[in-house]
Amino acid sequence: MKARIVGSALLLGLVGAVAWQWQADEAEVRAHTLTSLDPHAVTRIEIDMRGLPGQRFERRDGHWTGSTAHADEGRAQDLALLAATPVADWRPATDFDATKIGLSPPLAVLVLNGTRVEFGEMAALGKQRYAKVGDRIAIVPAQALPRPPRTASLPTTAVGGGP
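From a predicted model like this one, the values you see are computed outputs, not experimental measurements.

## Some points on the overall build of the protein chain
Thought 1: Each helix and strand counted, the protein chain has two helices and eight strands in total.
Thought 2: Ordered by position in the sequence, the α and β elements of the protein chain form the string α-β-β-β-α-β-β-β-β-β.
Thought 3: A burial count over the protein chain gives 29% of its 163 residues as buried.
Thought 4: Of the contacts formed within the protein chain by residues at least 6 apart in sequence, a portion of 52% connects residues at least 24 apart.
Thought 5: A total of about 10,700 Å² of accessible surface is found on the protein chain, and carbon and sulfur atoms cover 59% of it.

See the structure below:
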């Protein structure tokens, strides 16, 4: 009987230690991502890119609706995934001249469930770029810039009744 109690206590302690470590690992991962948002929990997206009209998306019943007649669900999902972009380094915004790193004005402004992310120019070294969240600047992979919306494709048939 005593061995069973000791075994149960050890098992309970082991499960508790694993749960604590898992929570600590999750917190560590969130500290090194662009936002603390779970991309799959994002329900509202606003994107403004320099030189392009802004777009808005909302997730309803598992599908994205947008500010245009046909929402590009793939684009909306790609934008939501930017929430979990890995961050190489965080620095205070006061360490930078926003104009020199392309954040005044930013190349793109992405708002995910109210969390604003501003994307700037490429960093001088490596394939990285600047992104501002709140009063901090993140160094993120270069490809972390939101992609522009798809445009209508060019016609594939001859126009004007050629030969």
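## Considerations on the environment of Ala-108
Thought 1: With respect to the element layout, Ala-108 can be found in strand β5 (residues 108–112).
Thought 2: Apart from residues no more than four positions distant in its own chain, Ala-108 is found in contact with Ile-47, Asp-48, Met-49, Val-117, Glu-118, Phe-119, Leu-145 and Pro-146.

## A look at helix α2 (residues 73–81)
Thought 1: Taken residue by residue, α2 has Arg-75, Ala-76, Leu-79 and Ala-80 as its buried positions. The arc enclosing the buried residues of α2, seen along the axis, measures out at 140 degrees, which places them on a common side.
Thought 2: By the N-cap criterion, in which a side-chain oxygen at the helix start approaches the backbone nitrogen of a residue two or three places on, α2 is capped by Asp-72, the distance to Gly-74 being 3.2 Å.

## Quick word on the pairing of strand β6 (residues 115–122)
Thought 1: For β5 and β6, the ladder comprises five bridges, and the chain directions are antiparallel. In the sheet register, Ala-108 faces β6, and the bridge partner there is Phe-119.
Thought 2: Connecting β6 to the antiparallel partner strand β7 (residues 128–133) that follows it, the hairpin turn spans five residues, and Gly-126 within it adopts a positive phi of roughly 80 degrees.

## Some words on the packing of aromatic side chains
Thought 1: By the definition in use, this model includes one aromatic pair.
Thought 2: With 5.4 Å between their ring centres and 65 degrees between their planes, Phe-96 and Tyr-130 make a pair best called edge-to-face. With Phe-96 in the loop between β4 (89–92) and β5 and Tyr-130 in strand β7, the pair connects residues that are 34 residues apart, well separated along the chain. Of the two residues, Phe-96 and Tyr-130, neither departs from the other in class, the shared state being buried.

## Looking at the pattern of salt bridges
Thought 1: All told, the structure shown has seven salt bridges when counted by the stated rule.
Thought 2: Across the salt bridge formed by Asp-72 and Arg-147, the nearest N and O atoms sit 3.6 Å from each other. With a gap of 75 residues between them, Asp-72 in the loop between β3 (63–66) and α2 and Arg-147 in the segment after β8 (136–141) connect regions that are remote in the sequence.
Thought 3: Its relative accessible area of 25% is what places Arg-147 among the partly exposed residues.
Thought 4: A salt bridge links Arg-91 to Asp-95, with the shortest nitrogen-to-oxygen separation between them at 3.3 Å.
Thought 5: With relative accessibility at 42%, the residue Asp-95 sits in the partly exposed group.
Thought 6: Linked by salt bridges that have partners in common, Glu-46, Asp-48 and Arg-56 make up one network.

## Notes on the pairing of β7
Thought 1: By the bridge criterion, four bridges tie β6 to β7 in an arrangement that is antiparallel. Within the sheet, the bridge partner assigned to Met-122 lies in β7 and is Arg-129.
Thought 2: Direction of pairing for β7 relative to β8: antiparallel, over a ladder of six bridges. Counted as the bridge partner of Val-133 is Arg-136 from β8.
Thought 3: If you look at the hairpin formed by β7 and β8, you'll find two residues sitting between the two strands, and Gly-134 has a positive phi there, around 65 degrees.

## What about the side chain of Arg-129?
Thought 1: Following the sequence through the fold, Arg-129 ends up in strand β7.
Thought 2: Although buried, Arg-129 forms no salt bridge, and the nearest oppositely charged side chain, Glu-121, lies 5.5 Å from it.
Thought 3: Of note is the side chain of Arg-129, whose polar atom sits 2.8 Å from the backbone oxygen of Ala-142.
Thought 4: Beyond its immediate stretch of four places on either side in the chain, Arg-129 contacts Leu-107, Phe-119, Gly-120, Glu-121, Met-122, Ala-123, Ala-138, Ile-139, Val-140, Pro-141, Ala-142 and Leu-145.

Analysis parameters
By convention here, each chain's residues receive numbers from 1 onward along its written sequence. Confidence filtering applies because this is a predicted model: local features only for residues at pLDDT of at least 70, side-chain atom pairs given and counted only at 80 or more, and all residues used for totals across whole chains, interfaces and linings. Neither water nor hydrogens contribute to the side-chain values; these are computed over all heavy atoms in the structure. For the purposes of this entry, the term helix denotes a DSSP run of H or I that reaches at least four residues, the term strand denotes a run of E that reaches at least two, and both are numbered from the N terminus. Partly exposed describes any residue whose relative accessible area lies between the buried limit of under 20% and the exposed limit of over 50%, with all areas from a 1.4 Å probe on protein chains only and scaled to the type maximum. Contacts are assigned to residue pairs that have any heavy atoms within 4.5 Å of one another. Surface accessibility in these figures is a Shrake-Rupley result with a 1.4 Å probe; residues are shielded only by whichever protein chains are displayed. By arc we mean the arc of the directions from the helix axis to the C-beta atoms, nothing more. Polar contact is the term for a pair of N or O atoms within 3.5 Å; when the atoms are in protein, one must be able to donate a hydrogen and the other to accept it, and sequence-neighboring residues count only if both atoms are side-chain atoms. When DSSP finds at least two bridges between two strands, those strands are taken to pair. Put simply, two rings from Phe, Tyr or Trp (the six-membered ring, in Trp's case) pair if the centres are within 6.5 Å, and we call them stacked under 30 degrees between planes, edge-to-face over 60, tilted for the rest. When a carboxyl oxygen of Asp or Glu lies within 4 Å of a side-chain nitrogen of Lys or Arg, that pair is called a salt bridge. A residue counts as positive if it is Lys or Arg and as negative if it is Asp or Glu; His and the chain ends are not included.

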